[in-house]
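In case you want the letters, here they are:
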Amino acid sequence: MLDMKYIRENPDKVKAGIKSKKVEIDIDGLLELDKKRRDILSEVEVLKAERNKATNLIAELKRNKQNADDAVLKSREIGDKIVGYDNELRDVEKNIKDIMMTIPNLPHESVPVGKDAEDNITVRECGKKRDFTFTPKDHIQLTEKLGIMDFKRASRMSGSGFPLYVGKGAALERALINYMLEYHIKDGFVEIMPPIVTLPHSMEGTGQLPKMKEDMYYCEKDDLYLIPTAEVTITNFHREETLHGDNLPLYYVGYTPCFRREAGSYGKETKGLLRVHQFNKVEMVKFVKPETSYDELESMVKRVEGILNELKIPYRILLLCTGDLSFGAAKCYDVETWSPAENKYLEASSCSNFVDFQARRMDLRYRPEAGAKLEYVHTLNGSGLATSRLMVSIMEHYQNEDGSITVPEVLRKYTGFDVIK
């Protein structure tokens, strides 16, 4: 959520920022509501002062054994006006909040202005793409031959878009998750295993609601959402708290299954693991001081690169333009891994800085030092990494001519085997 004071003082910047994210919000209408709110508060203060005078007059008249009926009547009339203004204020504040919850975060000045993914900037490409002496199979052909995934049975169980890992396929997936968790934990990240269902206010806190409501799985009877990412529950770990500046930064990591309806993805590539409704992900979340948050973002991207370098998977880093930036992010990098069979890069991680946007929605602050004024924490998150498309890249990159798959060296201590055949 943006700061209302900032919107009031910088309306043109706010209009330009949200326009660059392809969102239309009536900022002038919001400012009119804000003025009305402040006018009501001012009027109520005047009325409360008049009521205090009337109350004092009533007390004085009664002490002097004088008739206080007129003063009592005036006090009641003032009280009725205050009640009326209070009711009006509640309506105005609700309207303001409803609008504020739909305003996206403003892009950082370093984010390129653009319309869509075509305008994203490639920051760097790393790793050597494999030169095959044979025609590489895609991940569906590989998994069917080896019997390590079963998309047909999964579809009979749950419908399309839900993967089913079998045998060594399940072991490889689990190994990848354990490897990534340990990669982050050894460097000081605190592991969290959070709930995978959450209340609406948690979704609002991280910005999934109301914007992405149609993409979420909702349990109406219990008023609970299946999480689309562990970002939601881990970031809400400190909601409505005041942190101590000496304890920042705080780093957390957690594995969860993630659920997305992908309501707006019809017509996009959906075969196999390329676009699924349920997938596994290891998520990094940081709570940091404002002055370090952009350095922390770069550090987060480096962590993802460290994993891919150890896995020896080619990848590229994209800086997202304004038109492709998510609702809550001020700046975001996508990390894409190379798929030999698809002959293209596949998104496997996004690392975002939300600055104080999520913290305002969650009422999460920190005190820089004893006696200092409270400030909002900056929050960041990044996939470290999502497994589905990374598994595509691993299986295709490490395939052999006979259809077997060599297990990446760093995963072998977790799988207990070197080859899937």
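Everything that follows concerns the structure shown earlier in this document.
Student: Any details on the overall build of the protein? Residues and values, ideally.
Tutor: If you tally the helices and strands in the protein, you get 13 helices and 16 strands. Taking the principal axes of its C-alpha atoms as reference, the protein extends roughly 105 × 45 × 40 Å. The buried share of the protein, reckoned over its 421 residues, is 51%. Contacts in the protein between residues at least 24 apart in sequence constitute 74% of all its contacts with a sequence separation of at least 6.

Student: Requested: an account of the environment of Pro-112, with residues and values cited.
Tutor: Locating Pro-112 in the fold gives a position in the loop between helix H4 (69-100) and strand S1 (121-126). Along the sequence, Pro-112 and Asp-3 sit 109 residues apart, while their C-alpha atoms lie 23 Å from each other.

Student: Report on the packing of aromatic side chains, specifying residues and quantitative values.
Tutor: Each aromatic ring pair is summarised here by two numbers: the centre-to-centre distance and the angle between the ring planes. For the structure shown, the criterion picks out nine aromatic pairs. Aromatic rings pair up to connect Tyr-179, Tyr-183 and Tyr-414 into one cluster. For Lys-186, the ring lying beneath its charged end belongs to Tyr-183, and the centroid distance is 4.5 Å. Geometry around Tyr-251 places Lys-286 over its ring, the cationic atom sitting 4.9 Å from the centre.

Student: Can you break down helix H6 (residues 151-158) residue by residue, with the values?
Tutor: Residues separated by three or four positions in an α-helix point in the same direction, a consequence of the helix having 3.6 residues per turn. You can read the cap of H6 off the contacts: a side-chain oxygen lies 3.3 Å from the backbone nitrogen of Lys-152, and it is on Asp-150. Positive phi shows up at Gly-159, right after H6, with a value of about 95 degrees.

Student: Pulling in residues and values, what's your account of the packing of helix H7 (residues 168-185) against helix H10 (residues 293-311)?
Tutor: Their axes nearest at 11 Å, the elements H7 and H10 cross at an angle of 130 degrees. Put simply, H7 runs oblique to H10. Of the two elements, H7 crosses H10, and the hand of that crossing is right-handed. Between H7 and H10, the contacting residues are Leu-176, Tyr-179, Met-180, Tyr-183 and His-184 on the first element and Arg-303, Gly-306, Ile-307, Glu-310 and Leu-311 on the second. When the residues that make up the contact of H7 with H10 are grouped by side-chain class, the tally is six nonpolar, two polar and two charged.

Student: An account of the pattern of salt bridges is requested, with residue identities and associated values reported.
Tutor: Counted by the stated rule, this structure contains 22 salt bridges. Measuring nitrogen to oxygen at the nearest pair gives 2.9 Å for the salt bridge that ties Asp-39 to Lys-35. A residue pair is termed a helical-turn pair when its members lie 3 or 4 positions apart in one helix, as Asp-39 and Lys-35 do in helix H3 (residues 27-63) at four residues. Residue classification places Asp-39 among the partly exposed positions, given a relative accessible area of 41%. Lys-35 gets classed as partly exposed once you look at its relative accessible area, which sits at 48%. Each of Asp-3, Asp-356 and Arg-360 takes part in a single network of salt bridges with overlapping partners.

Student: Just give me the short version of H7, but keep the residues and values in it.
Tutor: With 18 residues, H7 extends 25 Å between its outermost C-alpha atoms, agreeing within 8% with the 26 Å of an ideal straight helix rising 1.5 Å per residue. Of all the residues in H7, the buried ones are Gly-169, Ala-171, Leu-172, Glu-173, Ala-175, Leu-176, Ile-177, Tyr-179, Met-180, Leu-181, Tyr-183 and His-184.

Student: Go over the sheet that holds strand S7 (residues 250-259), please, and point to the residues and values.
Tutor: Ordered in space as S1-S9-S10-S11-S14-S8-S7-S2, the eight strands form an open sheet in which the pairing is mixed. The two strands at the open ends of the sheet, each matched to only one other strand, are S1 and strand S2 (190-191). Where strand S8 (residues 278-288) and strand S14 (residues 378-386) come together, seven bridges link them in antiparallel fashion. Bridge pairing links Met-284 to Gly-382 in S14. Here H7 sits on the sheet in contact with S2, S7, S8 and S14, set at roughly 5 degrees to S8. Strands S8, strand S10 (331-339), strand S11 (344-353) and S14 of the sheet are contacted by helix H12 (residues 387-397), whose axis makes an angle of about 30 degrees with S10.

Student: Tell me about the sheet that holds strand S4 (residues 218-219), residues and numbers included.
Tutor: One open sheet accounts for three strands, arranged S3-S5-S4; its pairing is antiparallel. Both outer strands of the open sheet, strand S3 (197-198) and S4, are each paired with one neighbouring strand and no more. Note: S3 against strand S5 (residues 224-226), two bridges, orientation antiparallel. Bridge assignment links Thr-198 to a residue of S5, and that residue is Tyr-225.

Student: For unusual backbone geometry, give the residues involved together with the corresponding values.
Tutor: Put simply, Leu-209 and Pro-210 share a cis peptide bond, and its omega is 5 degrees. Residue Leu-248 is joined to Pro-249 through a cis peptide bond whose omega torsion reads 5 degrees. Within the secondary structure layout, Pro-249 lies in the loop between strand S6 (242-244) and S7. With phi around 60 degrees, Asn-343 is a residue other than glycine that occupies positive phi space. Residue Asn-343 is classed as exposed on the basis of its relative accessible area of 56%.

Student: Explain the side chain of Thr-233 to me, using residue names and the numbers behind them.
Tutor: Mapping Thr-233 onto the fold places it in helix H9 (residues 231-235). Those residues in contact with Thr-233 that sit more than four places away from it in its chain are Pro-194, Pro-195, Thr-198 and Ile-227.

Student: I'd like a rundown of the nonpolar core, residues and numbers included.
Tutor: The biggest cluster of nonpolar side chains holds 52 residues, and the ones touching the most others in it are Leu-176, Tyr-179 and Leu-311. It is H7 that provides the largest number of residues to this core, a total of nine residues. If you look at the next biggest cluster of nonpolar residues, it comprises 24 residues, including Leu-2, Met-4, Ile-78 and Ile-82.

Student: Help me get a handle on the pairing of S10, residues and values and all.
Tutor: With nine of nine residues buried, S10 lies mostly within the body of the structure. Side chains Lys-331, Tyr-333, Val-335, Thr-337 and Ser-339 of S10 all project onto a buried face; the interleaved residues Cys-332, Asp-334, Glu-336 and Trp-338 project onto the opposite face, where all are buried too. Relative to S10, strand S9 (residues 315-319) runs antiparallel, the two sharing five bridges. Directly across from Arg-316, in S10, lies its bridge partner Glu-336. As defined by bridge partners, S10 adjoins S11 across nine bridges and the pair is classed as antiparallel. Within S11, the residue paired with Asp-334 across the bridge is Ser-350.

The rules behind each value
- Residues numbered from 1 in each chain as written.
- Predicted model: local features only at pLDDT ≥ 70, side-chain atom pairs only at ≥ 80, totals over all residues.
- Heavy atoms only, no water.
- Helix = DSSP H or I, 4+ residues; strand = E, 2+ residues; numbered from the N terminus.
- Buried < 20%, exposed > 50% of the residue type's maximum accessible area, 1.4 Å probe, protein only.
- Contact = heavy atoms within 4.5 Å.
- Phe/Tyr/Trp six-rings, centres within 6.5 Å; stacked < 30°, edge-to-face > 60°.
- Lys NZ or Arg CZ within 6 Å of the ring centre and 35° of its normal.
- Polar contact = N/O pair within 3.5 Å; in protein donor to acceptor, adjacent residues only side chain to side chain.
- Axes fitted to C-alpha atoms, helices over the stretch in contact; angles between N-to-C directions.
- Parallel < 35°, antiparallel > 145°, perpendicular 65-115°, else oblique.
- Left-handed = near helix turned anticlockwise from the far one by under 90°.
- Nonpolar A, V, L, I, M, F, W, Y, C, P; charged D, E, K, R; others polar.
- Salt bridge = Lys/Arg side-chain N within 4 Å of Asp/Glu carboxyl O.
- Expected span 1.5 Å × (residues − 1).
- Pairing = 2+ DSSP bridges.
- Core = buried A, V, L, I, M, F, W, Y, C linked by side-chain atoms within 4.5 Å.

These figures come from the coordinates and say nothing about function on their own.
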